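Reading the structure
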Amino acid sequence: MKYKPEEYIDSGFYGGDMDSDIENIKSKVVKCRKPHRCVCGCETEIGKGDYALLESGFTDGKPVSVYTSTQCIDKWLDEISVKEA
Ligand SMILES: [Zn+2]
């Protein structure tokens, strides 16, 4: 993890798309206890013990949770920090 947990949570990585699909969304940075596939479409496998951004909430009344690799968000944060510089 290159950045602070809050920066991943506040990254705006999804540009708001996710928020419209998931109700009562909660975001946090977690250390995965089992492998997960990154949700961003990059096909990255998030390994056991790796950090990921976990977003959980409800879609159509069903609980959902999605994991995003911190590596993907690192790249995104790198890009936006370059633009802001
Ligand atoms: Zn990804």
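Here we summarise the structure given alongside this text. Per-chain numbering applies: the sequence of each chain, read as written, is numbered from 1 onward. Only residues with pLDDT of at least 70 get local features here, since the model is predicted, and only at 80 or more are side-chain atom pairs given and counted; chain-wide, interface and lining totals rely on the full set of residues. Remark: hydrogens and water are excluded; side-chain values derive from all non-hydrogen atoms of the structure.

1. Describing the packing of aromatic side chains
In this scheme Phe, Tyr and Trp rings, the latter by its six-membered ring, pair at centre separations within 6.5 Å, and the angle between planes marks the pair as stacked below 30 degrees, edge-to-face above 60, and tilted otherwise. Here the structure, examined in full by the defined rule, presents 2 aromatic pairs. On the numbers, 6.3 Å between centres and 75° between planes, the contact of Phe13 with Trp76 is edge-to-face. A residue pair is termed long-range when its members are at least 10 positions apart, and Phe13 in the loop between helix H1 (5-9) and helix H2 (17-21) and Trp76 in helix H3 (residues 70-84) qualify at 63 residues. In DSSP terms, a helix is any run of H or I states spanning at least four residues, a strand is any run of E spanning at least two, and both are numbered starting from the N terminus.

2. Observations concerning the side chain of Ser11
Here Ser11 is to be found in the loop between H1 and H2. For every residue, the accessible area obtained with a 1.4 Å probe (protein chains only) is divided by the maximum for its type, and the residue is called buried under 20%, exposed over 50%, and partly exposed between those limits. Ser11 gets classed as buried once you look at its relative accessible area, which sits at 8%. Here, residues are in contact when the closest pair of their heavy atoms is within 4.5 Å. Among all residues touching Ser11, those that are not within four sequence positions of it are Ile73, Trp76, Leu77 and Ile80.

3. A word on the environment of Gly57
Examined against the element boundaries, Gly57 turns out to sit in strand S4 (residues 51-59). If we ignore the near neighbours within four places in the chain, the residues touching Gly57 are Ile22, Glu23, Asn24, Ile25, Lys62, Pro63 and Val64.

4. Thoughts on the side chain of Asp74
Position of Asp74 relative to the elements: it lies in helix H3. Positive: Lys, Arg. Negative: Asp, Glu. His and the chain ends are not part of the count. Here a salt bridge means any side-chain nitrogen of Lys or Arg lying within 4 Å of a carboxyl oxygen belonging to Asp or Glu. For the buried Asp74, no salt bridge exists, and the shortest N-O distance to an oppositely charged side chain is 5.7 Å, to Lys2. Discounting chain neighbours no more than four positions away, the residues touching Asp74 are Lys2, Tyr3 and Tyr8.

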